[in-house]
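# Report on the structure
Here are the chains, one letter per residue:
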Amino acid sequence: MARPNKPFDPDLGLLYGSMNTFYADVNFVNNLNVSVTVEVPGGLICLFKHEGRTQNGILTSTVRVQVPPSYVEVGTPADTTTVYIGLGCLNASMAFPWEENQQWDTQDYPIGKDMYVPSVVTDDPNIRKLLELLKDYPGLRLTQHYNPWDVFEPDYEMPDWQVIYDMIQHALWEITDGPGLTRKEYRELVKALQQYGTD
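This report concerns the structure included in the present document. (Residues numbered from 1 in each chain as written. Predicted model: local features only at pLDDT ≥ 70, side-chain atom pairs only at ≥ 80, totals over all residues. Heavy atoms only, no water.)

To continue, consider the overall build of the protein. Helix and strand counts for the protein come out as three helices and nine strands. Secondary structure elements of the protein, listed N to C terminal, follow the sequence β-β-β-β-β-β-β-β-β-α-α-α. Compactness check: the protein gives a C-alpha radius of gyration of 17 Å against a globular reference of 16 Å for 199 residues, within 12% of the reference. Principal-axis analysis of the C-alpha atoms gives the protein an extent of 60 × 35 × 30 Å. In the protein, which comprises 199 residues, the share counted as buried stands at 44%. Sequence separation of 24 or more characterises 81% of the internal contacts of the protein that already satisfy a separation of 6 or more. Total accessible area computed for the protein in this model is approximately 11,100 Å², and 51% of it derives from carbon and sulfur atoms. Across the protein, the 14 positively charged side chains and the 27 negatively charged ones have centroids separated by 9 Å. (Helix = DSSP H or I, 4+ residues; strand = E, 2+ residues; numbered from the N terminus. Rg over C-alpha atoms; globule rule 2.2 N^0.38 Å. Buried < 20%, exposed > 50% of the residue type's maximum accessible area, 1.4 Å probe, protein only. Contact = heavy atoms within 4.5 Å. Areas by Shrake-Rupley, 256 points an atom, 1.4 Å probe, with all protein chains shown as cover. Lys, Arg positive; Asp, Glu negative; His and termini not counted. Charge placed at Lys NZ, Arg CZ, Asp CG, Glu CD.)

See the structure below:
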């Protein structure tokens, strides 16, 4: 169920995943009378649903979302739970979805609101190898937002907490758009990940 007019909610409790190049909103309706846990698998590819040269995305870790009951009366539409999943980009030469964000609720966040649809789970062996590596580092779980426009400031310096996500994105692009990760790059990523092995 799409919610194109629902404002982006920056509540960090609604942010899931372990990669933050951009976010996609995902909506759930629970017609049962008990809460359910929905598992969204790592490797899920989210496709840009409009015309244009904008990134597709990939979920780099499995996430589990608690969806409360959608209590409804006869003739009343079910309420919807909206969360945001952090994605890595799959197309190095294409635009980021947040470049189109000019609305009051999205302009300071890397959100591609109402721009993506879930597709297939990748079976590419090189991407699966990278995802298999990342799943052992729960400390990558997203705990803060960033403003993607900050990078255009003349005195911009990447915050320390964002460096690991930048490294993961670079590794992903080396696989999808480049010759693949070299052994040296793989070792450097493994070393950088060590501090993220615990919550």
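Attention now goes to the side chain of asparagine 20. Note that asparagine 20 resides in the loop between strand S1 (15-16) and strand S2 (22-28). Residue classification places asparagine 20 among the buried residues on the basis of a relative accessible area of 3%.

In the Ramachandran plot, aspartate 114 falls in the positive-phi region, its phi being about 55 degrees despite a non-glycine side chain. Following the sequence through the fold, aspartate 114 ends up in the loop between strand S8 (111-112) and strand S9 (116-121).

On to the packing of helix H1 (residues 125-134) against helix H3 (residues 183-193). Here H1 crosses H3 at 25 degrees, and the two axes come no closer than 11 Å. What the angle tells us is that H1 and H3 run roughly parallel. In this structure, the crossing between H1 and H3 has a hand that is right-handed. Mapping the contact onto sequence places Lys129, Leu130, Leu133 and Leu134 in H1 and Tyr186, Leu189, Val190 and Leu193 in H3. Taken together, the residues of the contact of H1 with H3 break down into seven nonpolar, no polar and one charged. (Axes fitted to C-alpha atoms, helices over the stretch in contact; angles between N-to-C directions. Parallel < 35°, antiparallel > 145°, perpendicular 65-115°, else oblique. Left-handed = near helix turned anticlockwise from the far one by under 90°. Nonpolar A, V, L, I, M, F, W, Y, C, P; charged D, E, K, R; others polar.)

Our focus in this paragraph is the state of the cysteines. As used here, a disulfide is simply a covalent bond connecting the sulfur atoms of two cysteines. The tally for this structure, following the rule as stated, stands at zero disulfides. Cysteine cysteine 46 is unpaired, with the sulfur of cysteine 89 as its nearest cysteine sulfur at 11 Å. (Disulfide = S-S within 2.5 Å.)

Right, let's talk about H1 for a bit. Within H1, burial applies to Ile127, Leu130, Leu131, Leu133 and Leu134. Each buried residue of H1 sits inside an arc of 155 degrees when the element is viewed along its axis, so together they form one side. Residues of H1 that are exposed and point more than 90 degrees away from the buried face comprise Pro125 and Lys129. Two or three places before asparagine 126, at the start of H1, stands the capping residue aspartate 124, its side-chain oxygen 3.0 Å from that residue's backbone nitrogen. (Arc of directions from axis to C-beta. Polar contact = N/O pair within 3.5 Å; in protein donor to acceptor, adjacent residues only side chain to side chain.)

To continue, consider a negative patch on the surface. A cluster of acidic residues, Asp108, Asp150, Glu153, Asp155 and Glu157, forms a negative patch on the protein surface. Among the structural elements, glutamate 157 can be located in the loop between H1 and helix H2 (163-176). (Patch = residues over 30% accessible without salt bridge, like charges linked within 9 Å, V, L, I, M, F, W, Y side chains within 5 Å. Salt bridge = Lys/Arg side-chain N within 4 Å of Asp/Glu carboxyl O.)

This part takes up the pattern of salt bridges. Following the criterion strictly, the structure yields six salt bridges and no others. A salt bridge links arginine 64 to glutamate 39; the nearest nitrogen and oxygen atoms lie 3.0 Å apart. Pair noted here: arginine 64 is in strand S6 (residues 63-67) and glutamate 39 is in strand S3 (residues 36-40), with a separation of 25 residues, a long-range link. The exposed category is assigned to arginine 64, whose relative accessible area is 52%. Across the salt bridge formed by glutamate 132 and lysine 135, the nearest N and O atoms sit 3.5 Å from each other. Because the salt bridges share partners, they merge into one network encompassing Glu132, Lys135 and Asp136.

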